[in-house]
Amino acid sequence: MPNDFNQQIIDEFRANAGRVGGPFEGARLILLTTTGARSGAPHTTPVGYLPDSDRILVIASAGGGPKHPDWYHNLRADPLATVEDGVFTYQARAEVLTGDERDAVFARAVEADPGWAAYQAKTSRVIPVLALHQVAGGPPNAPSWGAALKLVHDAFRRELALIRDEVDRSGAGLGAQLRVNCLTVCQGLHHHHTNEDDGMFAALDGQRPDLAPTLARLREEHQRIAALVARLQQVVGAPDADPAEVRREVARLTTELEAHLAYEEEQLIPVLDATG
């Protein structure tokens, strides 16, 4: 892609917490900053990704072009990169997948989006697949703790909306990548609520005893959501998972979670912004 087009996407991404329009609207997108293999200068590129538990996957398709993209060569020379996902900016280590693992991941990608197969058909090179492992990070990219909470919540809203759309388009079976997407968001919700219970809520217990009823309600809602997450994991994990049942469980989780997020934002964002 031309550099000016890339820069337009980068600017829009950073201005809208990871949301962009045009050809990337509704896509899972990151900004990947690598170190130039020859120049040593930083280079930032918008790249699509696939969720994969505690790592993300990127595919060096270059639109099916004859050469690997520059960011791939940069990562081969220096595997440390910076990832922006719209909420967090973190350091990651790139791993080039090989052999059966690469082939299995690429097959998952093709099943989820046949466009990857079209790219492979256009070129004689084997399109590389890389895993990005987070090695260091910081707080959300937000001006206040209240804004950070909203940013994280909106990321879960967006991911669940993507999953609902993917389930609706899945047909009679549940694809391998869609299973991974569901399980990854379940894992993310578990980590987020555990961190809230042990971190933010615990701190507010001592600082704001008047919030005890609110925090008690939020903790109870965490338990209900955990049960729905466990149920979704069970349904998705079944070998013969029924997309209709998955759709129902995703809808149940989304409804419960949206009510929880809205209440938490209403009650805690003013408190967090006042104390932060």
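Above this text sits the structure in question.
1. Overview of the environment of R125
Right, so step 1: Inspection of the secondary structure puts R125 in the loop between α4 (115-122) and β7 (129-137).
Right, so step 2: The contact partners of R125, leaving out residues within four places of it in the chain, are A60, S61, A62, G65, P66, K67, H68 and Q120.
Right, so step 3: Among the polar contacts made by the side chain of R125, one reaches the main-chain carbonyl oxygen of G65 at a distance of 2.8 Å.

2. Quick word on the side chain of H192
Right, so step 1: Take H192: it is sitting in helix α6 (residues 176-207).
Right, so step 2: For H192, a relative accessible area of 14% corresponds to the buried category.
Right, so step 3: In this view, H192 contacts V152, H153 and F156; residues no more than four positions away in its chain are not counted.

3. Structural notes on the sheet that holds strand β1 (residues 29-35)
Backbone hydrogen bonds are what pair the strands of a sheet, in a parallel or an antiparallel way.
Right, so step 1: Ordered by their spatial adjacency, seven strands build an open sheet running β2-β1-β5-β6-β7-β4-β3, and the pairing between neighbours is antiparallel. This sheet does not close on itself; its edge strands, each paired only once, are β2 (42-48) and β3 (50-52). Direction aside, the axes of adjacent strands within the sheet are offset by 35° on average.
Right, so step 2: In the sheet, β3 pairs with strand β4 (residues 55-59) via three bridges, with the strands oriented antiparallel. Following the sheet pairing, L50 is matched in β4 by L57.

4. Some points on the packing of helix α5 (residues 145-168) against helix α8 (residues 243-275)
Right, so step 1: The contact between α5 and α8 brings their axes to 10 Å, and the two run at 170°. One finds that α5 runs roughly antiparallel with respect to α8.
Right, so step 2: For the contact of α5 with α8, the residue count by class is 16 nonpolar, three polar and nine charged.

5. A look at the nonpolar core
Right, so step 1: The biggest cluster of nonpolar side chains holds 25 residues, and the ones touching the most others in it are I163, L232, V246 and L253.
Right, so step 2: Secondary structure elements with two or more residues in this core: α5, α6, α7 (212-237) and α8.

6. Here we look at the pattern of salt bridges
Right, so step 1: A complete count under the given rule lists 21 salt bridges for this structure.
Right, so step 2: The salt bridge partner of R219 is D205, with a shortest N-O separation of 2.7 Å. On the criterion of sequence distance, the pair formed by R219 in helix α7 and D205 in helix α6 is long-range, its members being 14 residues apart.
Right, so step 3: Among the charged side chains, a salt-bridge network with shared partners connects D52, R55, E95, E101 and R108.

The rules behind these values
- Residues numbered from 1 in each chain as written.
- Predicted model: local features only at pLDDT ≥ 70, side-chain atom pairs only at ≥ 80, totals over all residues.
- Heavy atoms only, no water.
- Helix = DSSP H or I, 4+ residues; strand = E, 2+ residues; numbered from the N terminus.
- Contact = heavy atoms within 4.5 Å.
- Polar contact = N/O pair within 3.5 Å; in protein donor to acceptor, adjacent residues only side chain to side chain.
- Buried < 20%, exposed > 50% of the residue type's maximum accessible area, 1.4 Å probe, protein only.
- Pairing = 2+ DSSP bridges.
- Axes fitted to C-alpha atoms, helices over the stretch in contact; angles between N-to-C directions.
- Parallel < 35°, antiparallel > 145°, perpendicular 65-115°, else oblique.
- Nonpolar A, V, L, I, M, F, W, Y, C, P; charged D, E, K, R; others polar.
- Core = buried A, V, L, I, M, F, W, Y, C linked by side-chain atoms within 4.5 Å.
- Salt bridge = Lys/Arg side-chain N within 4 Å of Asp/Glu carboxyl O.

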